[in-house]
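Residues per chain are reported as follows:
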Amino acid sequence: MSILKKFLSFLKVKYARNSPKSCKKSYIQPEEIEIALKEREASLRCAQEIANLGSWDWDYQRNKLIFSDEMYRIFGMNKENFQGSIQYIVLTLIHPDYRILVSGVLRKITELGIMEAIEFKIMKLTGEERWIRANGALVYDDENRKKIIGTVQDVTEWKEAEIALQDNLKFLQTLIDTIPNPIFYKDINGVYKYSNTAHLEYLNLKREDVIGHNIYDILPKEMAEEHYKVDAELLKNKDKMVYDTKLKYADDELHDVIFTKAAFTNQEGQTKGIVGVIIDITERKKAEKSINRLLQLKEAMLEINHAILEINSINELFALVLKKVVTLMKNADLACVLVLDEEDNLKIAACTGYDEQKSKDYRIKLKDSFIWQKTKGEFEKTVVINDVQEILKEKFPSILENTEGIEVQSSMSAPIIIDGELYGLVNVDSHQKNVYDQRDLEMMEYMRNQIEIAVSKHKLYEQTIYLSRYDKLTNVYNRRYFEEVFDMYMKRATRYKECFLVVVFDLNGLKFVNDTYGHLAGDLFIKTFAKTINDNIRASDLFARYGGDEFIGVFFEVDLQVLVNKFEGLIEKFIHDPIVFGDNKIICSFSYGIADFPNEGKNYKELVKIADERMYIYKDKIKKRMKDQK
């Protein structure tokens, strides 16, 4: 007899035993029962195959186990070889990891008559592993003996899908917790349902302080209101929103952040909550500000470098530098450039905010400066001085007055070092305490380096200009530059009908001096002559070294005889005031010739030729005079 037949027969007897007598006679109809049993058994077998479901019957008192055909298929057993023992099933087919679980359930059945639905793994004889869901119930047979009947279903595909889903969920959980950006999810009531590790760390809160709470529990009311309004709009429009705001970070400081939020909807289109991601852009904004300042600084330094060619003095360069420094250093109220002189005094070359008139007379010893006091004289880079007033109280009774009425509290002092030597300082002062940070220091260091380059370039430019215009030995114009300037003067004189005198000079006896006393004596001879002539002409006149021992000059608005008298007087002066070279006295002597523009020549060559011829005539007169004296 099949399990189903036994089960139905059992139910029939049980029902008859417990039913009223009026019902017994009509119930016992064998032919009807047989037909019903066959129909139900066929339906049950079909349902079992479709549901991958098998049934079992266990008489645990006699240790008798009966399986349906579907049970054999599920367990991968041969019906003819089945021993019918529960121990065989446990030891042979139950996966080792689940034998304790199954054995415990069996004990619970036999002792308490209670069976719970369980899921476990089996191992078919082929080695294939499958997931099983088992259930059962306690019944009594026609002899009133306890039996367990139940079902077993192969749920491998479901279980694997469930495990895969759990693994995916766990993977997603781990993945989201690994993401460095704070991520959160809250329901339509604004209650946090999920918060990843980064979000908790950002807020410096524990999970229990966030999950189950709303934004008002976490943030100050004013900030919470802002987020609440955004969330309400998102939930209403089922939209996405990106916005910048401030958020209190774990360090208790307000950070700049970008919120990206989106309303979450289910398959029916119902809004279930809001998912959000936070990106901290504090450092990015600081970097942007630094980059903008550096770009401005770069432009300022380029402007300074371009201006070098147009600036007439180093002080003009310093004034331009200070203008840019004060513009770029947002917290700077006052600034000045101090240049070190030969006596180790710092003198103000340019300033902004300070009294300009008083700054011209301001002097301070290097050892009395802020930077010296702060570094004990060992300074190679910018120094931040946040205790200016304390230094003033201890070291100085007063400081240079400023026109802004500002009491300096903080200062940055940057040394300008040229060719390894201290050239001067750039000071930037503020009325605020502890106002300069690391970025200001880095910026000032960059500016200091650029200022050093600018000063070096300007000095090089001045030197280049000087060498292109002046004779190095005598410090008067060289021939090339003299001719350029002469051309401009002559064009102007022609246009305005002006007159001038061209004079050619030649030193007498330079070869004798070089041969007798050496070239150093010859150089002194040349320099003495050039300095004497240059000191005795007007600023509007021109004087240049023409080459070797020859010089040339242009003299404006002067009478010919007056000029001759001046030169003759200088010749007499040289005779009475000789050059002292060692133990020797050398008389500086020269010859000269004069040409008149425009009466004697209309251009440079004509005038020089005439003056040169007259100079040689003068030289011959001197030679003849000296010969006659002998």
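Before reading on, note that the structure itself is shown above.
Now for a quick tour of the structure. (Residues numbered from 1 in each chain as written. Predicted model: local features only at pLDDT ≥ 70, side-chain atom pairs only at ≥ 80, totals over all residues. Heavy atoms only, no water.)

With that settled, the discussion passes to unusual backbone geometry. In the segment running from F597 into P598, the intervening peptide bond is cis, with an omega of 5°. Backbone geometry places K238, a non-glycine residue, at a positive phi of 50°. The residue K238 is located in the loop between α11 (221-237) and β8 (240-248) in this model. Of note, N434 is a non-glycine position whose phi angle comes to about 45°, a positive value. Locating N434 in the fold gives a position in the loop between β16 (421-430) and α17 (438-469). (Helix = DSSP H or I, 4+ residues; strand = E, 2+ residues; numbered from the N terminus.)

Looking now at the packing of helix α12 (residues 282-307) against helix α13 (residues 314-328). The contact between α12 and α13 brings their axes to 10 Å, and the two run at 170°. In terms of orientation, α12 lies roughly antiparallel with respect to α13. Residues R293, Q296, L297, A300, E303, I304 and A307 of α12 touch α13, and the partners they reach there are L317, L320, V321, K324 and L328. Residue classes in the contact of α12 with α13 are distributed as eight nonpolar, one polar and three charged. (Axes fitted to C-alpha atoms, helices over the stretch in contact; angles between N-to-C directions. Parallel < 35°, antiparallel > 145°, perpendicular 65-115°, else oblique. Contact = heavy atoms within 4.5 Å. Nonpolar A, V, L, I, M, F, W, Y, C, P; charged D, E, K, R; others polar.)

This part takes up α13. Relative to the 21 Å expected for 15 residues at 1.5 Å per residue, α13 spans 21 Å between its end C-alpha atoms, a close match to the ideal helical length. Among the residues of α13, I314, L317, F318, L320, V321, L322, K324, V325 and L328 are the ones counted as buried. Check the buried side of α13 and you find it contacts α12, β11 (334-340), β12 (345-352), β16 and α17. (Expected span 1.5 Å × (residues − 1). Buried < 20%, exposed > 50% of the residue type's maximum accessible area, 1.4 Å probe, protein only.)

On the basis of which strands lie adjacent, the open sheet formed by six strands has the order β13-β12-β11-β16-β15-β14 and antiparallel pairing. Two strands close off the open sheet at either side, each with one partner strand: β13 (363-365) and β14 (383-385). The sheet shows a mean angle of 30° between the axes of neighbouring strands, taken without regard to direction. Where β14 meets strand β15 (residues 410-418), three bridges bridge the pair, whose relative direction is antiparallel. For I385, the partnering residue across the bridge sits in β15 and is S411. Together, β11, β12 and β16 form the strand contacts of α13, whose direction differs from that of β12 by roughly 60°. Sitting on the sheet, α17 is in contact with β14, β15 and β16, with an inclination near 35° to β15. (Pairing = 2+ DSSP bridges.)

Once that is clear, we can look at the sheet that holds strand β20 (residues 550-556). The five strands are arranged β17-β19-β20-β18-β23 in an open sheet whose pairing can be described as mixed. Two strands bound the open sheet, and with one partner strand each, they are β17 (477-478) and β23 (589-597).

What follows deals with the packing of α12 against α17. At a minimum axis separation of 11 Å, α12 and α17 run at an interaxial angle of 15°. In terms of orientation, α12 lies roughly parallel with respect to α17. Judged by the twist between their axes, the crossing of α12 over α17 is right-handed. Every residue of α17 that contacts α12 at E283, K286, S290, R293, L297, K298, M301, I304 and N305 is listed here: R439, D440, M443, Y446, M447, Q450, A454 and K457. The residue makeup of the contact of α12 with α17, split by class, is seven nonpolar, three polar and seven charged. (Left-handed = near helix turned anticlockwise from the far one by under 90°.)

In this section: the pattern of salt bridges. In the structure shown here, the tally under the stated rule is 32 salt bridges. The partner of K246 in a salt bridge is D256, and the shortest N-O contact between them spans 2.7 Å. Residue K246 is located in strand β8, and its partner D256 is located in strand β9 (residues 254-265); the two are separated by 10 residues in the primary sequence. For K246, a relative accessible area of 38% gives the class partly exposed. Given a relative accessible area of 15%, D256 falls into the buried group. We note a salt bridge from E283 to K286, for which the minimum N-O separation is 3.9 Å. With E283 and K286 both in helix α12 and three residues apart, this pair spans about one turn of that helix. What makes K286 partly exposed here is its relative accessible area of 36%. Because the salt bridges share partners, they merge into one network encompassing K124, E128, R130, D154 and E157. (Salt bridge = Lys/Arg side-chain N within 4 Å of Asp/Glu carboxyl O.)

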